[in-house]
Amino acid sequence: SSAKLPNVIFVLGGPGAGKGTQCLKIVQNFGYVHLSAGDLLRAERQRPGSKVGEQIEDHIRKGTIVPVEITCSLLENAMIESGKETFLIDGFPRNKDNLDGWNRQMGDKTIVKGVLFFECSEEICVNRCLERGKQSGRSDDNEETLKKRINTYNESTLPIIQYFDKINMVKRIDASKSEEQVYDEVQSALNEIK
Ligand code: UP5
Ligand code: MG
């Protein structure tokens, strides 16, 4: 029955809003497995013999969105390999192609319990990424790519969050506060989703 299917929470919000940071805190206290779509794509890009490595890097550097077949398969493989049943899927689905592809490939295999939405001003998002960019070595933490990432987020990802909001699946979190304050809100939101 559907009660035995793996449970998923999508974690969305702008570039640098703090999705990854908060997911790491959640993992320490709740039984979720954290799967960052961006981290999985970056790992696949590095993997010797990958047939899609260049395609992935091209999208990451342009701030555009990788075709869903690639991302969704990386997510599904990681879910299977974990052997676990509750997942935080961080940074996905980012557009309609992602959402439709997820529903096709995973709709019958998982239950989406809710969406954590990390709300943050553009200015804070950009500043956090540029600050991180001094150390991160990420090919997309520069001013030029950040403009494109923000643009992609506004045009493609916000409508997905609005779609989930209309069906009452979104928990909004003020991501502009300190890490600890944000985490307080995260805990309340997760307790409501369970
Ligand atoms: N920081 C965090 N919280 C803070 C707080 N409360 N106060 C002050 N500072 C805070 O945090 C970013 C930085 O801010 C860190 O230095 C942190 O210490 C600090 P982080 O937790 O890393 O934020 P996060 O939201 O995870 O930012 P990230 O850059 O990872 O978000 P993106 O959504 O832009 O990046 P992602 O890795 O998901 O995707 C990258 C690219 O991959 C995309 O642009 C796209 O090209 C591609 N992609 C796809 O194509 N499809 C996908 O499904 C996913 C990605
Ligand atoms: Mg991240």
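Bear in mind the structure is a predicted one, so any value in this text is a computation, not a measurement.

Comments concerning the site of ligand 1
Step number 1: Pro15, Gly18, Thr21, Gly38 and Gly91 are the nearest of the 30 residues found near ligand 1.
Step number 2: Broken down by secondary-structure element, the contributors of at least two residues to the shell around ligand 1 are helix H1 (19-29), helix H2 (37-46), helix H3 (53-62), helix H6 (122-136) and helix H8 (179-193).
Step number 3: In terms of residue class, the shell around ligand 1 is built from 10 nonpolar, 13 polar and seven charged.

A word on H2
Step number 1: Taken together, the buried positions of H2 are occupied by Ala37, Leu40, Leu41 and Glu44. Along the axis of H2, the buried positions cluster into a sector of 100°, meaning they face one direction only.
Step number 2: On its buried face, H2 is in contact with strand E2 (33-36), H3, helix H4 (68-82) and strand E3 (86-90).

Some points on the UniProt feature "binding site: ATP" (unreviewed entry) in the protein chain
Step number 1: Taken from the UniProt record, the annotation "binding site: ATP" (unreviewed entry) applies to Gly16, Ala17, Gly18, Lys19, Gly20, Thr21, Arg132 and Lys177.
Step number 2: Excluding its chain neighbours within four sequence positions, the residues that come into contact with Gly18 are Phe118, Ala175 and Val182.

Re the packing of H4 against helix H5 (residues 96-106)
Step number 1: Relative orientation of the contacting elements H4 and H5 amounts to 50°, with a least axis distance of 9 Å. One finds that H4 runs oblique with respect to H5. H5 is crossed by H4, and the crossing has right-handed handedness. Of the residues in H5, those touching H4 at Val68, Glu69, Thr71, Cys72 and Glu76 are Asp97, Asn98, Gly101, Trp102, Gln105 and Met106.
Step number 2: For the contact of H4 with H5, a count of residues per class yields four nonpolar, four polar and three charged.

Quick look at the packing of H1 against H8
Step number 1: For the pair H1 and H8, the least separation of the axes is 10 Å and the interaxial angle reads 60°. It follows that H1 is oblique to H8 by the angle criterion. You can see that H1 and H8 cross each other, and the crossing is right-handed. When H1 is examined against H8, the residues Thr21, Gln22, Lys25 and Ile26 are found in contact with a partner set consisting of Glu179, Val182, Tyr183, Val186 and Leu190.
Step number 2: For the contact of H1 with H8, the class distribution of residues is five nonpolar, two polar and two charged.

Let's talk about the sheet that holds strand E5 (residues 170-174)
Step number 1: With parallel pairing, five strands are arranged side by side in an open sheet as E2-E3-E1-E4-E5. In the strand order of this sheet, the two ends are held by E2 and E5, each with one partner. The mean angle between the axes of side-by-side strands here comes to 20°, regardless of whether they run parallel or antiparallel.
Step number 2: As defined by bridge partners, strand E4 (residues 111-119) adjoins E5 across five bridges and the pair is classed as parallel. By the bridge assignment for E5, Glu119 is matched with Asp174.
Step number 3: In the packing of H2 onto the sheet, contacts are made with E2 and E3, and the angle to E2 comes to roughly 60°.

What counts, and where the lines are drawn
- Residues numbered from 1 in each chain as written.
- Chains lettered and ligands numbered in written order.
- Predicted model: local features only at pLDDT ≥ 70, side-chain atom pairs only at ≥ 80, totals over all residues.
- Near = placed C-beta within 6 Å.
- Helix = DSSP H or I, 4+ residues; strand = E, 2+ residues; numbered from the N terminus.
- Nonpolar A, V, L, I, M, F, W, Y, C, P; charged D, E, K, R; others polar.
- Buried ≥ 20, exposed ≤ 12 C-beta atoms within 10 Å, placed from the backbone.
- Arc of directions from axis to C-beta.
- Contact = placed C-beta atoms within 7 Å.
- UniProt positions renumbered as here; feature names shortened; annotations may be inferred.
- Axes fitted to C-alpha atoms, helices over the stretch in contact; angles between N-to-C directions.
- Parallel < 35°, antiparallel > 145°, perpendicular 65-115°, else oblique.
- Left-handed = near helix turned anticlockwise from the far one by under 90°.
- Pairing = 2+ DSSP bridges.

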